[in-house]
2 protein chains.
Amino acid sequence: MAVSVLDMSMSLDGYVADSDDYLGGVDGERLHKWADDPGTAGQFQEEWDAAGAVLSGRRTAELMDHWGGDHNGNPIFVPSHRPPAPAARWGYPLVTYVQDGIESAMAQAKAAAGDKNVQLRGGAYTVREALAAGVLDEVQIHLIPVLLGRGRRLFDVLPAEIELEIVEVINTPAATHIRYRVR
Amino acid sequence: MAVSVLDMSMSLDGYVADSDDYLGGVDGERLHKWADDPGTAGQFQEEWDAAGAVLSGRRTAELMDHWGGDHNGNPIFVPSHRPPAPAARWGYPLVTYVQDGIESAMAQAKAAAGDKNVQLRGGAYTVREALAAGVLDEVQIHLIPVLLGRGRRLFDVLPAEIELEIVEVINTPAATHIRYRVR
């Protein structure tokens, strides 16, 4: 049975990107610098390879030009109340806009993933919607030892408290990698 | 030489208290529940005992009624541009309001601490001021596996990025305890 996973690199002060959607720092990639180390990144390769579909917030999908039409070969589901923009209406057979809510989008993504996982991609709005609808199963945070001081937060206001369970912690000098199960 | 330490329990979504200054959850203490376990709390007792003075934001100091006049016997320094309220003007010999800035308050707190440490107590404003002035040496975060969804954040907007160094990570089921050195 597919599980849905949110995998994000976050600064200690809660940001996943700076205000211009770069990933922080002088080179614009501060939050992903940890993944330059093949040994560390290798520990997460198995998880990344386990993805069989992506559910992406619309803003993220559009910022990424829909990853060219698929996400490493996997289909992409975008929950949105508005119809897709022209690029996504034309010729992206693996991109599906879902207009009847995030539960429906996740059900379609899980069906497409089969026995693989669904990767959630998105900013605060999509994360909040997924948490509020109860369709996010796991959260993998790469907590980066930096205070960015400003930018786009991963977690927005929620309608209620949500308990997590710590599943695994991997310590490296470049990040504290914590995997949670959503209760 | 005294070091200054900020020791806080923070939810994964960055909150250190709910909007009413409770520590979250049904019993109002969700963020400090981890400290109920004597084994876990014992690992931090040495650090807490190493405090020789407290530098507290004014709001925190006032919410706590200045801890009755001292913090476990230690003197309390409160940086504030305004003069102290009546309770702190009368008869609290160990409470010192410092009106010429947080650098001065920290220098006085370190002098009072001698070879012990200065504990920083405060919300986002005081943390930001201390970081911006470069007077915070270490950050001990107890990262709690819960999304509170709303409340008071520990980290506010900063004038610049600040790099941290991971000094130690202690994993328990109730929290991920990460100690950072401020670079």
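These numbers come from a predicted model, not from an experiment. (Residues numbered from 1 in each chain as written. Chains lettered and ligands numbered in written order. Predicted model: local features only at pLDDT ≥ 70, side-chain atom pairs only at ≥ 80, totals over all residues.)

Participant: Sorry if this is basic, but what is going on with the overall build of chain A here?
Facilitator: For chain A, the count of helices and strands is 5 helices and 11 strands. Its C-alpha radius of gyration of 16 Å places chain A within 12% of the 16 Å reference for a compact globule of 183 residues. Taking all 183 residues of chain A together, the buried fraction comes to 44%. The long-range share in chain A, meaning contacts at least 24 apart out of those at least 6 apart in sequence, stands at 65%. (Helix = DSSP H or I, 4+ residues; strand = E, 2+ residues; numbered from the N terminus. Rg over C-alpha atoms; globule rule 2.2 N^0.38 Å. Buried ≥ 20, exposed ≤ 12 C-beta atoms within 10 Å, placed from the backbone. Contact = placed C-beta atoms within 7 Å.)

Participant: Can you help me understand the sheet that holds strand S3 (residues 51–56) of chain B in this one?
Facilitator: Backbone-to-backbone hydrogen bonds join strands into a sheet, with any given pair of strands oriented parallel or antiparallel. What the 9 strands build is an open sheet, ordered S8(A)-S10(B)-S11(B)-S7(B)-S1(B)-S6(B)-S3(B)-S4(B)-S5(B); its pairing is mixed. Looking at the sheet topology across the chains shown, the edges are occupied by strand S8 (146–147) of chain A together with strand S5 (95–98) of chain B. Looking at chain direction, strand S1 (residues 4–11) of chain B and strand S6 (residues 117–121) of chain B are connected through 3 bridges and run parallel. Opposite B:Val5, over in S6(B), you have B:Gln119 as the bridge partner. Here helix H4 (residues 102–113) of chain B sits on the sheet and contacts S1, S3, strand S4 (76–79), S5 and S6 of chain B; the angle it forms with S3(B), its principal contact strand, is near 160°. (Pairing = 2+ DSSP bridges. Axes fitted to C-alpha atoms, helices over the stretch in contact; angles between N-to-C directions.)

Participant: Is there a simple way to think about the sheet that holds strand S1 (residues 4–11) of chain A in this case?
Facilitator: Ordered in space as S5(A)-S4(A)-S3(A)-S6(A)-S1(A)-S7(A)-S11(A)-S10(A)-S8(B), the 9 strands form an open sheet in which the pairing is mixed. In this open sheet, the two edge strands, each paired with only one partner strand, are strand S5 (95–98) of chain A together with strand S8 (146–147) of chain B. Summarising the sheet, S1(A) and strand S7 (residues 138–144) of chain A pair through 7 bridges and their orientation is parallel. For A:Leu6, the partnering residue across the bridge sits in S7(A) and is A:Val139.

Participant: Even after reading the chapter, I still don't get the pairing of strand S10 (residues 162–172) of chain B, so can you show me in this structure?
Facilitator: Looking along a regular strand, one sees side chains alternate from face to face of the sheet. Looking at chain direction, S8(A) and S10(B) are connected through 2 bridges and run antiparallel. From the neighbouring strand, A:Val146 faces S10(B), where its bridge partner is B:Glu163. The pairing of S10(B) with strand S11 (residues 175–182) of chain B spans 8 bridges and is antiparallel. Considered in S11(B), the bridge of B:Asn171 is made with B:Thr176. Following S10(B), the chain reverses through 2 residues before pairing antiparallel with S11(B).

Participant: I'm lost on the nonpolar core in this one. Help?
Facilitator: Note that soluble globular proteins tend to have their nonpolar side chains buried in a common cluster. In terms of nonpolar packing, the biggest core is built from 96 residues, with A:Ala109 and B:Ala109 touching the most fellow members. Not counting residues within four places of it along the chain, the set of residues in contact with A:Ala109 comprises A:Ala53, A:Leu55, A:Phe77 and A:Val118. (Core = buried A, V, L, I, M, F, W, Y, C linked by C-beta atoms within 7 Å.)

Participant: Explain the interface of chain A and chain B here, please?
Facilitator: Interface extent is often summarised as the accessible area lost during association of the parts. Facing 30 residues of chain A, the contacting portion of chain B comprises 29 residues. Considering each element in turn, the side of chain A that touches chain B owes the most residues, 7 residues, to strand S10 (residues 162–172) of chain A. Residue classes in the side of chain A that touches chain B are distributed as 19 nonpolar, 6 polar and 5 charged. (Nonpolar A, V, L, I, M, F, W, Y, C, P; charged D, E, K, R; others polar.)

Participant: What is the right way to read the relation of the copies chain A and chain B from this model?
Facilitator: In summary, the two copies of the chain are related to each other by a rotation about an axis coupled with a shift along it. Of the two same-sequence chains, chain A is brought onto chain B (RMSD 0.0 Å, axial shift 0.0 Å) by a rotation of 180°. What we have between these two chains is a two-fold relation. Measuring from the rotation axis to each C-alpha of chain A, the shortest distance belongs to A:Gly14, at 3.2 Å. (Least-squares fit on C-alpha atoms with pLDDT ≥ 70 in both.)

Participant: Explanation requested: the confidence of the model for chain A in the structure shown.
Facilitator: Note that predicted coordinates carrying low pLDDT should not be read in detail. Averaged over chain A, the pLDDT score is 95; the fraction of residues at 70 or greater is 100%. In the predicted assembly, ipTM is 0.94 and pTM is 0.95. (pLDDT = per-residue confidence, 0-100.)

Participant: For this particular structure, what's the right way to read unusual backbone geometry?
Facilitator: Note: most peptide bonds trans; most residues except glycine with negative phi. Its identity is not glycine, yet A:His66 carries a phi of approximately 55°, on the positive side. One can find A:His66 in the loop between helix H2 (58–63) and strand S4 (76–79). Even without being a glycine, B:Asp21 presents a positive backbone phi close to 70°.

Participant: Looking at this structure, how should I read helix H5 (residues 124–133) of chain A?
Facilitator: One full turn of an α-helix is made of 3.6 residues, so residues set three or four places apart face in the same direction. Considered for burial, the residues of H5(A) that qualify are A:Thr126, A:Val127, A:Arg128, A:Glu129, A:Ala130 and A:Leu131. Where H5(A) is buried, its residues meet S1, helix H4 (102–113), strand S6 (117–121) and S10 of chain A together with S8 of chain B. A:Gly134 lies just past H5(A) and shows a positive phi near 70°.

Participant: How should the environment of B:Asn72 be read in this particular structure?
Facilitator: As for its position among the elements, B:Asn72 is in the loop between helix H2 (58–63) and S4. C-alpha separation for the pair B:Asn72 and B:Arg128, spaced 56 residues apart in sequence, amounts to 25 Å.

Participant: Help me understand the environment of A:Ala133, please; the structure alone is not making it clear to me.
Facilitator: Following the sequence through the fold, A:Ala133 ends up in helix H5. With 15 C-beta atoms packed within 10 Å, A:Ala133 lands in the partly exposed category.

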